[in-house]
Amino acid sequence: MKKQNRAEGTPAQMTAPAAPMAPKPRKKHKHLVRILIALGVVLALLVLFVVPKLFQKPVYPSVNVAAAIKGNVQTSLDTSGIVKSEEVKTYFSPVNATIQELNVREGDPVSEGDKLVVFDLTDLEDKNKEAELQQAASQYGYQDSVQKSREGSADLNDAKANLDTLDQQIREKKDEITRIQDAMNADAIEFQQELEDWKNEQQQAAQSTPVPTATPDPADPNATPVPTPVPTQSPASEMPTYTADAKLQARLESANSELAELQAKKSEYEAKKSSAEASILTGNAASQLKANNELTKLSGLSVEELLEKGREGISADFSGVVTKVSAQQGGPTTQGGELFTISSNKDVVLEINVSKYDLEKIAVGQKAVITMVGKEYTGEVTRINRMASVNEKGTPVVAAEVKFDNPDEDIYLGVEAKVSIQGDHAENVVLVPSEAINTGTDGTFCYVVVDGKIAKRMVTTGISSDEYIEVKEGINEGDQVITSVTVNMQEGMQVNPVDENAGMAGAAGAGTDAAQADAAGAVQE
């Protein structure tokens, strides 16, 4: 019974409701939360990136600018060349002898009056006798060659002058013959026309002549008819004959004779010209004669005079550097034989080559500063060749010389030295950086920044240095010129100008525009 009661329970226990459970969240609520989170992220990004840009000023491309200034500018030409002497002398032996002392070597400096060669005069007299005949022969050959060369030069000049005149006279004579022939041809044509006219007249006369007719005798019908007389015609004109104009014929014969004489003279002068050209000395022959000339000057000396010359030896005539030695101590030398060469170091030039692009920068009389082995010398342009030559690269160049004003013992001949030649200059002019100048199809121009926008100004330039160029027209002092030009630049473009000299000016703290321009002008090309 108890078991049943426990199983069945009481009515209250059986009817009592179960305790309520917690409700589950719906799916719609989760979707809404996700949307709200995404909107929050987007809103945050807008606040961080978009909103600041709405209040930010527009960013324009930056360009480097520099203010046009007033100052001084000077052109200059920087180049290098070889130091050479303007006074060079080669010394020859006055005697046939052995060199007892030779006190020089190539590159040695010498002073005026230094004794450089002492001769051994043993057996000089015997050797001199043998050389006299050789010297006489060389003297005669020298004089003959020089005389022929001079005569050849004179004959060549005379032949050239006469050939030019004869060519002109021959042309004029040929023109005269042509005119005479034209006149004679005109007479012949006129006669031909006259002959044709005569033939036409004869033909017309023949056609118009009546034919005689026979009329029978009415009294005697059997009699032979008597011809009716034909009216008498006027006699026919005679056939014209051609007679050449005697005056024209005589003029033609005279002109042809004169032309033949002129052509014969021309042939004579052409032969004379060829002969003269063959007799003029070549470069090698002239060099040989120069050496023989020294020998010739000494050949007339007597033995006693030669001995005196030998005792004197050889001394330097001026201070300089020995640039060549042909003799040897202890070796023999002949009269007129080359001994050595001295180049003066007191009369010195710097030889430079100038390209066609720099010719306008150089002129005779310009001052220069020469730098050699760390030492500076002043100089002046004294010579500019008027004929170009081709350098080792195949480029035509013009040779020029800068003479040292103050050479000293530190000069080295044959070495390379730098030179800065000072050219034209201008003072208190408007200057802009060289990179601000541009060239287009319509001329030279600058880009400037005006009220934040690019404007194009056509300009007229003047003197320039490495850094600055004079602007004569188109730019005023203080204008902001663009120094960083690109292909994308256009007029009216909005830009952000950046003064490239602002930092330098701040660092310097002082200084005027003119002073900056002076510094720019000192920069040499």
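Nothing here was measured: the structure is a model prediction, and the numbers come from that model. (Residues numbered from 1 in each chain as written. Predicted model: local features only at pLDDT ≥ 70, side-chain atom pairs only at ≥ 80, totals over all residues. Heavy atoms only, no water.)

1. Digging into the packing of aromatic side chains
Here is the rule we go by: Note on aromatic pairs: the rings of Phe, Tyr and Trp (six-membered ring only in Trp) are paired at centre separations within 6.5 Å, and the planes decide the class, stacked below 30 degrees, edge-to-face beyond 60, tilted for the rest. The secondary structure listing takes helices from DSSP runs of H or I that are at least 4 residues long and strands from runs of E that are at least 2 residues long, numbered from the N terminus. Only protein chains enter the accessibility calculation, which uses a 1.4 Å probe. A residue is then buried if its area is under 20% of the maximum for its type, exposed if over 50%, and partly exposed in between. Only when the NZ atom of a Lys or the CZ atom of an Arg is both within 6 Å of the ring centre and within 35 degrees of the ring normal do we say a charge sits over the ring.
Overall, the coordinates contain three aromatic pairs when judged by the stated rule. Pairing Y377 with F404 gives two aromatic rings, centres 5.6 Å apart and planes at 70°, and the pair type is edge-to-face. On the criterion of sequence distance, the pair formed by Y377 in strand β15 (residues 375-384) and F404 in strand β17 (residues 396-404) is long-range, its members being 27 residues apart. For the pair formed by Y377 and F404, the shared burial category is buried. Geometry around F445 places K456 over its ring, the cationic atom sitting 4.3 Å from the centre.

2. Considerations on the nonpolar core
Formally: We define the nonpolar core as a collection of buried residues of types Ala, Val, Leu, Ile, Met, Phe, Trp, Tyr and Cys that are connected through side-chain atoms lying within 4.5 Å of one another. In this description, contact between two residues means that some pair of their heavy atoms is separated by no more than 4.5 Å.
Core analysis: the largest hydrophobic core is formed by 22 residues, its most contacted members being L116, V117, F119, F340 and I342. Secondary-structure elements contributing two or more residues to this core are β4 (97-102), β6 (115-120), α7 (303-312) and β12 (338-344). Setting aside its immediate chain neighbours within four residues, F340 contacts K89, T90, Y91, V104, L116, V117, I314, K324, V325 and S326. Residues I362, I384, I411 and V419 belong to the second largest nonpolar core, which totals 21 residues.

3. Here's the deal with the pattern of salt bridges
Basically, it comes down to this: Any Lys or Arg side-chain nitrogen located within 4 Å of an Asp or Glu carboxyl oxygen qualifies as a salt bridge.
All told, the structure shown has 15 salt bridges when counted by the stated rule. Among the ionic pairs, K84 bridges to E351, the shortest N-O distance being 3.0 Å. Pair noted here: K84 is in strand β2 (residues 69-85) and E351 is in strand β13 (residues 348-354), with a separation of 267 residues, a long-range link. Residues E308 and R311 are paired through a salt bridge, measuring 3.7 Å at the closest nitrogen-oxygen approach. Note that E308 and R311 are positioned in helix α7 at a spacing of three residues, about one turn of the helix. On the basis of relative accessibility, which here comes to 40%, the residue E308 falls in the partly exposed class. Taken together, the shared-partner salt bridges in this structure form one network comprising E86, D347 and K403.

4. Examining α7
Quick note on the threshold: As used here, the arc belongs to the directions running from the helix axis to the C-beta atoms.
Among the residues of α7, those classed as buried are V303, L306, L307 and G310. Angularly, the buried residues of α7 cover 100° about the axis, an arc narrow enough to put them on a single face. Note on α7: the residue one or two positions beyond its end, G313, has a positive phi of about 70°.

5. A look at the sheet that holds β6
Defined as follows: Strands qualify as paired when DSSP identifies two bridges or more between them.
The sheet built from four strands is open, its strands ordered β9-β6-β4-β11 with antiparallel pairing. Because the sheet does not close on itself, it has two edges, and the strands there are β9 (314-315) and β11 (332-333). Sheet analysis places β4 next to β11, joined by two bridges and oriented antiparallel. Residue pairing across strands places A97 opposite T333, the latter belonging to β11.

6. Comments concerning the sheet that holds strand β10 (residues 320-325)
Taken in spatial order, the four strands make up an open sheet running β3-β12-β10-β5, and their pairing is antiparallel. Two strands in the sheet have a free side with no partner beyond their single neighbour: β3 (88-92) and β5 (109-110). Pairing analysis gives two bridges linking β5 to β10, with the strands arranged antiparallel. Looking at β10, one finds that P109 is bridged to V321.

7. A closer look at a negative patch on the surface
Rules: To count toward a patch, a residue needs a relative accessible area above 30% and no salt bridge. Like charges then connect within 9 Å, nonpolar side chains (Val, Leu, Ile, Met, Phe, Trp, Tyr) within 5 Å. For the area figures, the Shrake-Rupley method with a 1.4 Å probe applies, and any residue is considered shielded solely by the protein chains shown. The charged-residue count follows a simple rule in which Lys and Arg add positive charge and Asp and Glu add negative charge, with His and chain termini not counted at all. Here the site of a charge means NZ on Lys, CZ on Arg, CG on Asp, or CD on Glu.
On the surface, D78, E435, D466, E467, D499 and E500 cluster together into a patch of negative charge. Looking at where E467 falls in the secondary structure, it is placed in the loop between β22 (460-464) and β23 (468-473).

8. So, the confidence of the model for the protein
Spelled out, the test is: A score from 0 to 100, pLDDT tells how confident the predictor is in each residue.
Here the protein averages 79 in pLDDT, while 77% of its residues score no lower than 70. Long-range and interchain partners of residues 1-17, a stretch whose pLDDT sits below 50, account for three contacts in this model, where long-range means more than four residues apart. Every residue in residues 503-525 is under pLDDT 50, and counting partners more than four places away or in other chains gives 34 contacts.

9. Focus on the pairing of strand β20 (residues 443-450)
Consecutive residues of a regular strand have side chains that alternate between opposite faces of the sheet. Across three bridges, strand β19 (residues 438-440) lies against β20 in antiparallel orientation. Directly across from N438, in β20, lies its bridge partner F445. Between the end of β19 and the start of β20, which pair antiparallel, lie two residues. Across six bridges, the pairing between β20 and strand β21 (residues 453-458) is antiparallel. Counted as the bridge partner of V448 is A455 from β21. The turn linking β20 back onto β21 is made up of two residues, and D451 within it adopts a positive phi angle of 55°.

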